[in-house]
Amino acid sequence: MYRLGKNRLAVLGLAVLGVLVVLALATPWIAPYANDAQDLKLGASAPSAQHWFGTDTLGRDLFTRILYGGQISLLVGFAATAVSLLIGVLYGAMAGFIGGRTDSVMMRIVDILYTLPFTIFVIVLMVFFGRNIILLFAAIGAVQWLTMARIVRGQVLTLKHSEFIEAAAVMGFSKRRIILRHIIPNILGPVIVYTTLTIPSVMLIEAFLSFLGLGVQAPMSSWGVLIKEGADCMEEYWWMLVFPSLALSITLFALNFLGDGLRDALDPRAAKD
Amino acid sequence: MTRLIVRRLCEAVPVLFVIVTLVFFMVRLAPGGPFDTERKVSPEVLANLQAYYGLDQPLHVQYVRYLGQLLRGDLGPSFKNAGYSVNELIGLGIPVSLELGLYALIIALIIGITSGVIAALNQNTAHDYAPMVLSMAGICIPNFVIGPVLALIFSLWLGWLPVAGWEGPASKVLPSVTLGVAYAAYVSRLTRGGMLEVLSQDFIRTARAKGMSEARMVLRHALKGGLQPVISFLGPAAAGLLSGAFVVETIFQIPGLGRLFIQSAFNRDYTMIMGTVLFYAALILLFNLVVDVVQSRIDPRLRER
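Residues numbered from 1 in each chain as written. Chains lettered and ligands numbered in written order. Predicted model: local features only at pLDDT ≥ 70, side-chain atom pairs only at ≥ 80, totals over all residues.

1. Topic: the overall build of chain B
And then number 1: Scanning chain B from terminus to terminus reveals 12 helices and zero strands.
And then number 2: Going from the N terminus to the C terminus, chain B shows its helices and strands as α-α-α-α-α-α-α-α-α-α-α-α.
And then number 3: Across its three principal directions, the C-alpha atoms of chain B cover 85 × 55 × 30 Å.
And then number 4: Across the 305 residues of chain B, 37% fall into the buried class. (Helix = DSSP H or I, 4+ residues; strand = E, 2+ residues; numbered from the N terminus. Buried ≥ 20, exposed ≤ 12 C-beta atoms within 10 Å, placed from the backbone.)

Shown next, in the form of structure tokens:
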């Protein structure tokens, strides 16, 4: 933690992320306008004192929409990452513990899955099975677990043969105790690092799908949806493209800097390069 | 080497088979069909259409028939673009998409390798931090933001380049840059990491001690090892360029394979989806194989596996 504290960019990332999460949680109370409150007479208007980020073509306050969109974007980011974390850790730990033939078959499957065009599967899945948000979590999570499985398996394999684990076994500790007290705390580091780095890539996939019209559907909106709307009418209303894009990019920046910082802090060897 | 290639090609067959099967049933079992979207067709016309395309048959019959077609290299007729076969449509889209991908890759490699080498040679100075912060920006700002913003600036405000289309060199600049930027960022970081590792090794010190010029040392000795991570990244990068092309081709209205795939997915054009998915999968498998072969040529240590 101390090492993380010295990395200013990572601390900044953590602070930004904290602010974003608080904003997302407090959205219903702090949003200046009701979600989707229209003002058709006003229409699209440039940023002003009443509407900080301007309004869209239906006269909806863009700042409010970005707050509500952020809720969904962050929710997808965290939920889909949780799905991938669950699958990846279970799969990787199983392969690592069982070892032998089972392990090599399981990892061969991961290798093969790596080579598949997953984005295409997610697109086909989203088009054909309605575009609901639960499916979105599942589809993205199902794509993102491969690297996690590899990392966890590698860690488990190294740990299994390390001396302190053997010592614990010799001292007669139960398997359960060894797993809970010795193995899990030791694989936690890389898992946390990779989880932090998965969240931004998951949010990117969500935004990508929403941009193509395949992700989050009305009445819900996300930053991807807002960027899409902004791109469609950027000629007249630049603010509709600029502000949602900034929101998404800043979030991705914060998460990536935090992830890099965590990696450097937890793995001093990598930090030297 | 030959064994590696043969083994991989043998592995590719079951993988492609699984993909075909998976997508086939996924697409057919989903609600909605290719002929129930726009205008209402009378039941008789619908029945005729379905009979014409063999959709009235039980699912397993359709499946076997489709596999038979595939073995003959025929991807079937497109349901939505009447009169065109899927083979023809893919054939029309490929050159455009390959050209776009190639330009993007060239941009990514030139910018990425140059900036990565500069960063590694000047580790922990301003010449290191600047490229690395920029590359973080390239990774964090998605291409569907970069594309519209570039179009806004260079087409609408400055009027230098066309907003959309794929005719003439000027129209190809923005799409290629949009697609290439993110990969330039990754390549830059990988090059920096790889170069730093190589530069700390003994043979580089020897080269420097002999009085070899810095430029010659980099080009003759360091790059070969330093680019190793970049080469292994090319496989995933090719896959990424393909899916990136979905967005870029949609933004700039380019008649490539990516836009074709998105359209056919929205239209539920069964054969078209199957054809493009299969084509993409085969392309990615092939590219990964090429990358592995190149890698084991450069680094003899990898040949054992």
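2. Things to note about the overall build of chain A
And then number 1: Of the regular secondary structure elements, chain A holds 11 helices and zero strands.
And then number 2: The secondary structure elements of chain A, listed N-terminal to C-terminal, are α-α-α-α-α-α-α-α-α-α-α.
And then number 3: Across chain A, the fraction of contacts at a sequence separation of at least 24, relative to all contacts at a separation of at least 6, is 69%. (Contact = placed C-beta atoms within 7 Å.)

3. Observations concerning the environment of T119 of chain A
And then number 1: In this structure, T119 of chain A sits in helix 5 (residues 118-128).
And then number 2: In sequence terms T119 of chain A and I140 of chain A are 21 residues apart; their C-alpha atoms lie 9.0 Å from each other.

4. Here's the deal with the interface of chain B and chain A
And then number 1: Between chain B and chain A, the residue contacts involve 33 residues of the former and 28 residues of the latter.
And then number 2: Secondary structure elements with two or more residues in the side of chain B that touches chain A: helix 1 (2-29), helix 5 (126-140), helix 6 (143-157), helix 7 (169-199), helix 10 (228-251), helix 11 (257-267) and helix 12 (270-298) of chain B.
And then number 3: A total of seven residues in the side of chain B that touches chain A trace back to one element, the largest contributor, which is helix 12 of chain B.
And then number 4: In terms of residue class, the side of chain B that touches chain A is built from 29 nonpolar, four polar and no charged. (Nonpolar A, V, L, I, M, F, W, Y, C, P; charged D, E, K, R; others polar.)

5. Regarding the nonpolar core
And then number 1: In this structure, V124, I140, F208 and I227 of chain A together with I273 and V277 of chain B are the most contacted members of the largest nonpolar core, which totals 143 residues.
And then number 2: With 15 residues, the single largest contributor to this core is helix 10 (residues 238-266) of chain A.
And then number 3: Other than its neighbours up to four places away in sequence, I227 of chain A contacts A207, F211, L241, P244, S245 and L248 of chain A together with F144 and V145 of chain B. (Core = buried A, V, L, I, M, F, W, Y, C linked by C-beta atoms within 7 Å.)

6. A look at the packing of helix 7 of chain B against helix 9 (residues 214-226) of chain B
Residue and element names in this part refer to chain B.
And then number 1: Helix 9 packs onto helix 7 with a crossing angle of 125° between their chain directions and a minimal axis gap of 8 Å. Compared by their axis directions, helix 7 and helix 9 come out oblique. In terms of crossing hand, the pair formed by helix 7 and helix 9 is right-handed. Across from T191, G194, M195, V198 and L199 in helix 7, the residues of helix 9 making contact are A222, G225 and G226.
And then number 2: Residue composition of the contact of helix 7 with helix 9, by class: four nonpolar, four polar and no charged. (Axes fitted to C-alpha atoms, helices over the stretch in contact; angles between N-to-C directions. Parallel < 35°, antiparallel > 145°, perpendicular 65-115°, else oblique. Left-handed = near helix turned anticlockwise from the far one by under 90°.)

7. Quick notes on unusual backbone geometry
And then number 1: Despite not being glycine, Q253 of chain B has its phi angle at roughly 50°, a positive value.
And then number 2: Mapped onto the fold, Q253 of chain B is located in the loop between helix 10 and helix 11.

8. A few points about the packing of helix 8 (residues 202-209) of chain B against helix 9 of chain B
All names here are of chain B.
And then number 1: At a closest axis distance of 11 Å, the pairing of helix 8 and helix 9 adopts a crossing angle of 155°. Considered as vectors, helix 8 and helix 9 are oriented roughly antiparallel to each other. Between helix 8 and helix 9 the crossing geometry is right-handed. Every residue of helix 9 that contacts helix 8 at F203, I204, A207 and R208 is listed here: M217, H221 and A222.
And then number 2: Per-class residue counts for the contact of helix 8 with helix 9 are five nonpolar, one polar and one charged.

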